[in-house]
Amino acid sequence: GKSAAPELLMRALYLSKINKDSLSQCLADSLDVALDEVEHAMLDPRVAKFGQGVTSRIFLHFLSELDMSRQEIEKLLTESISSHAGHRSSEMIQLCIDQIEVKVHQRNSSGFEILRMSLSSLHGGFLKPKLLREIPDPVTGYPLRWEAADGAQSVTTDHPHVVDHVQLSQYQAKRVAARRAGSSYAYDLPGMLHLALTMKWINASSSDVPAAKATGSRKRSPSPGRAAAVEGTPKDIMKAVELVMDWNKMELVETERPEGSNDIGMLAWKMSMKTPEYPQGRDLILISNDVTFQAGSFGVKEDQFFQKASEFARVRGLPRIYVSCNSGARVGLVEELKPLFKVKWLDPADCNKGFEYLYLLKQDYEKLPAGTVEAHKVSEAGEERYVLDAIIGEGMKSTQGGIGVENLQGSGLIAGETSRAYQDTFTLSYITGRSVGIGAYLNRLGQRNIQMVSSPMILTGYGALNKLLGKNVYSSQDQLGGPQIMVPNGVTHQVVRDDQEGMSAILDWLSFVPKDISCPPPMSQLAADPWDRDVEFEPSPYPYDPRDFLRGVIDYEGRRLRGFFDAGSWSEYLEGWGQTVIVGRARLGGIPMGVIAVETRGVERFVPADPSNPDSREMKETMGGKVWFPDSAFKTAQALKDFNRGENLPVMIFANWRGFSGGTRDMYNEILKFGAMIVDALVEYKHPIFIYIPKHGELRGGAWVVIDPAINPEKMEMYADVDARGGILEPPGIVEVKYRAHQQVEAMHR
């Protein structure tokens, strides 16, 4: 078996008196100190040499007796530790914290008992809570054994939360391997989602957005009755059931089995979670590569499994979440042939002249099963040789799961399935570690992507490209597909720092998404911001940040000016691409909406140099505000497609365009094509579209044409502020075309 991962243990005693009211704060303070100490220890060269291969544990012992029931202690400790882990998730991941254990003394009628509360990843899953009762030696006080709090199970090993140390070693070895790949172990993902969901409920319970009071003489209609905040977190907020392939029937079966017992590099779960938007529960399908199994590569079985899992979500109209961490289609060799084949050199004294053929000796050829190779027999120097014509590898152990074009055929299968899934349901990909080849294509075919900052999406590794170019041009995968490439080109919608933040970002996006394809988007029950209040931010005739109009802003005098949408509901996506258009999602009166707005200020577009071309240079292009350029027109069309497919969102378009950029370069860069795509997206749109020309806004020429309600009159409506303007051309253009120079002279002399 694999050797156990090195452990780092931080232990602390808390001697001060605590009670029910102070325990939570004392625990939070102690955990803060513990994390700082672990961070200091990780900097020690004796620990730092192991990198991400360390298992870190924190043990806190509170000596003061607590006058609380066991249920109260369990609830308070679980919520406090989970909340702290959620708030400091980045540090938890960076420091490889796999267990937090708290030992307390509970006072009862017979004296006291010792309880150990643990959130541990050591026995499978991610930070799973477990409460044990410790039975000490009556003389020495040393623990003799541990029992489940309800007395159902007894543990007598030296580690109260681990029974099988061999299984622990194997499991931790896989977790460490995933960390070294820059990702998290696939079996930890449901637990990380559970922690993120717990934090959503904690935030929802503590949200306090003050309701606006009616002011002025305007009579207001009553706001819909909605609770300002959710009271407490419901029980059993998430249940994850693994989907396992029955290879005889070629169908997925809901199965409960130990974590890490998979025999292919692809996993899937059917997840039922109670979210603040759906407190009664919603289902989704989570699919993930297992990077610890043959580097997460796609073989035939992985392709078949992925196709069935995606189809499972698509047929039921459920959201399909894909966590991408892979090395592309599996490339393999017939390993059994490596020690057997020989080479007939053209000149045995000079191998640089090349070889004539590869061959097997008779005894080696006869050892191989039929179908392994195709060869013809020759005799040379009195020796029978079988010259290799083709290597098939049929029936060999090393070729199980595919090694060549059969894997590419499987890649085509899942590419087609992902494209269909985007058409039929909500698809979202999260990129962690790395995503190569077909893995990168699956992300793009699913359209919506969240990328971890250190996780590139590439087609070919930089080493292979350097070989192809004959020189060392690229030095890292990030040069080819890091966020600095994938955000400006519109492939990545959002960037996160780590996997826990990625899980939170997935839940944030899902908060705007219906529970299945046939339902409307979820009406939020959390907002205390009334739908009928005034929009306090007023657009300026001068360039301003339109996000202030959407979300609200605190002005230079410290006053909060509320924006168009519910306070705190605005989320922007595709921020780094096509920056003259702003795209995001928000709520209006609790109703989720897609949002498209216009940047009124000038922006700069950065085009990096190509390292493979010595003559290439970086370029900066200045683009004016309130104008559609090729990238921002494409972004508008893409956003409309995303809102329409799987999200079922009504759309609010804040139209403030002077027109399309029609210069030589923009015409060459297909501005006409992308402008037409906006019309195509509006024609296909199945949900309400509201177009509003804001105060001091203008809509002219082709920009009016591509969003006019006549395109889809059943779904589109247009409104305008009294100070907005519209027309075919701007005044100077009209004068140039319709008010000639001699007419202007005549007018001047009248």
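Sequence positions are assigned chain by chain, starting from 1 and proceeding in written order. Note on the predicted model: pLDDT of at least 70 is required for a residue's local features to be given, and 80 or more for side-chain atom pairs to be given and counted; whole-chain, interface and lining totals, by contrast, use all residues. Where side-chain values are given, they derive from all heavy atoms of the structure, hydrogens and water being excluded.

Peer 1: Explain the packing of helix 3 (residues 70-87) against helix 6 (residues 189-206) to me, please; I cannot follow it from the model alone.
Peer 2: Two packed helices can be described by the angle between their axes and the distance between those axes. Fitted lines through C-alpha atoms give the axes, limited to the stretch in contact for helices. The angle between two N-to-C directions lies from 0 to 180 degrees. Numbering of helices and strands starts at the N terminus; helices are DSSP runs of H or I of at least 4 residues and strands are runs of E of at least 2. Between helix 3 and helix 6, the shortest axis-to-axis distance is 9 Å and the interhelical angle comes to 100°. Between helix 3 and helix 6, the interaxial angle falls into the category roughly perpendicular. Contacts from Ser82, Ser83, Ala85, Gly86 and His87 in helix 3 reach Leu195, Thr198, Met199 and Ile202 in helix 6. Amino acid classes used here: Ala, Val, Leu, Ile, Met, Phe, Trp, Tyr, Cys and Pro are nonpolar; Asp, Glu, Lys and Arg are charged; the rest, including Gly, are polar. A per-class count over the contact of helix 3 with helix 6 returns 4 nonpolar, 5 polar and no charged. An angle below 35 degrees is read as roughly parallel, one above 145 as roughly antiparallel, one from 65 to 115 as roughly perpendicular, and any other as oblique. Here, residues are in contact when the closest pair of their heavy atoms is within 4.5 Å.

Peer 1: What am I meant to see in helix 18 (residues 671-684) here?
Peer 2: Within an α-helix, residues lying three or four positions from one another point in the same direction, as the helix has 3.6 residues per turn. If you check helix 18, its first and last C-alpha atoms are 20 Å apart, about what 14 residues at 1.5 Å a residue would give, namely 20 Å. A simple rule labels every residue: compare its accessible area, found with a 1.4 Å probe on the protein chains alone, to the largest value its type can have, and call it buried under 20%, exposed over 50%, or partly exposed in between. What helix 18 keeps buried is the set Ile671, Phe674, Gly675, Met677, Ile678, Ala681 and Leu682. Looking straight down helix 18, one finds that the buried residues subtend no more than 145° of arc, so they occupy a single side. Contacts made by the buried residues of helix 18 are with strand 29 (627-628), helix 16 (630-644), strand 31 (659-660), helix 17 (664-668), strand 32 (689-693) and strand 34 (716-720). The span you would expect from a helix comes to 1.5 Å times its residue count less one. The arc in question is the one spanned by the directions pointing from the helix axis to the C-beta atoms.

Peer 1: What's the story with the environment of Ile114 in this structure? I'm lost.
Peer 2: Tracing the sequence through the fold places Ile114 in strand 4 (residues 111-120). Those residues in contact with Ile114, other than ones at most four positions away along the chain, are Lys103, Val104, His105, Leu132, Arg133, Glu134 and Pro136.

Peer 1: Just checking my understanding: could you explain helix 6 for this structure?
Peer 2: Taking 1.5 Å per residue as the helical rise, helix 6 with its 18 residues ought to reach 26 Å, and the 26 Å between its terminal C-alpha atoms agrees with that figure. When helix 6 is considered as a whole, its buried residues turn out to be Leu189, Pro190, Gly191, Met192, Leu193, Leu195, Ala196, Leu197, Thr198, Met199, Trp201 and Ala204.

Peer 1: Explain the environment of Ser56 to me, please; I cannot follow it from the model alone.
Peer 2: Assignment of secondary structure puts Ser56 in strand 2 (residues 55-66). The spacing of Ser56 and Leu8 is 48 residues in sequence and 4.6 Å in space, taken between C-alpha atoms. Among all residues touching Ser56, those that are not within four sequence positions of it are Leu8, Val38, Met42, Leu95, Cys96, Ile97, Asp98 and Gln99.

Peer 1: What am I meant to see in the nonpolar core here?
Peer 2: The nonpolar side chains of soluble globular proteins are, as a tendency, buried together. Buried Ala, Val, Leu, Ile, Met, Phe, Trp, Tyr and Cys residues that are joined via side-chain atoms within 4.5 Å together make up what is termed a nonpolar core. Core analysis: the biggest nonpolar cluster contains 76 residues, and Ile58 and Leu286 have the highest contact counts within it. Ranked by residues supplied to this core, first place goes to helix 1 (residues 23-42) with 8 residues. Beyond its immediate stretch of four places on either side in the chain, Ile58 contacts Met10, Leu31, Ala34, Leu35, Val38, Ile97, Gln99, Ile100 and Glu101.

Peer 1: Which parts of the structure should I look at to understand the packing of aromatic side chains?
Peer 2: Aromatic rings considered in pairs are described by the distance between their centres and by the relative angle of their planes. The aromatic pairing rule takes the rings of Phe, Tyr and Trp, using the six-membered ring of Trp, and pairs them if the centres are within 6.5 Å, calling planes under 30 degrees apart stacked, those over 60 edge-to-face and the rest tilted. For the structure shown, the criterion picks out 19 aromatic pairs. An angle of 80° between the planes, with centres 5.3 Å apart, marks the rings of Tyr171 and Tyr185 as edge-to-face. With Tyr171 in helix 5 (residues 165-180) and Tyr185 in the loop between helix 5 and helix 6, this pair connects stretches of sequence that are 14 residues apart. In terms of burial, Tyr171 and Tyr185 fall into one category: buried. Taken together through their ring pairs, the aromatic side chains of Phe549, Phe564, Phe565, Phe654 and Tyr692 make up a single cluster. Stacked on the ring of Tyr359, the Lys or Arg Arg385 has its end atom at 4.3 Å from the ring centre. By definition here, charges over rings are those cases where NZ of Lys or CZ of Arg is within 6 Å of the ring centre and within 35 degrees of the ring normal. Geometry around Tyr573 places Arg585 over its ring, the cationic atom sitting 4.9 Å from the centre.

Geometric descriptors of this kind do not, in isolation, establish any biological role.
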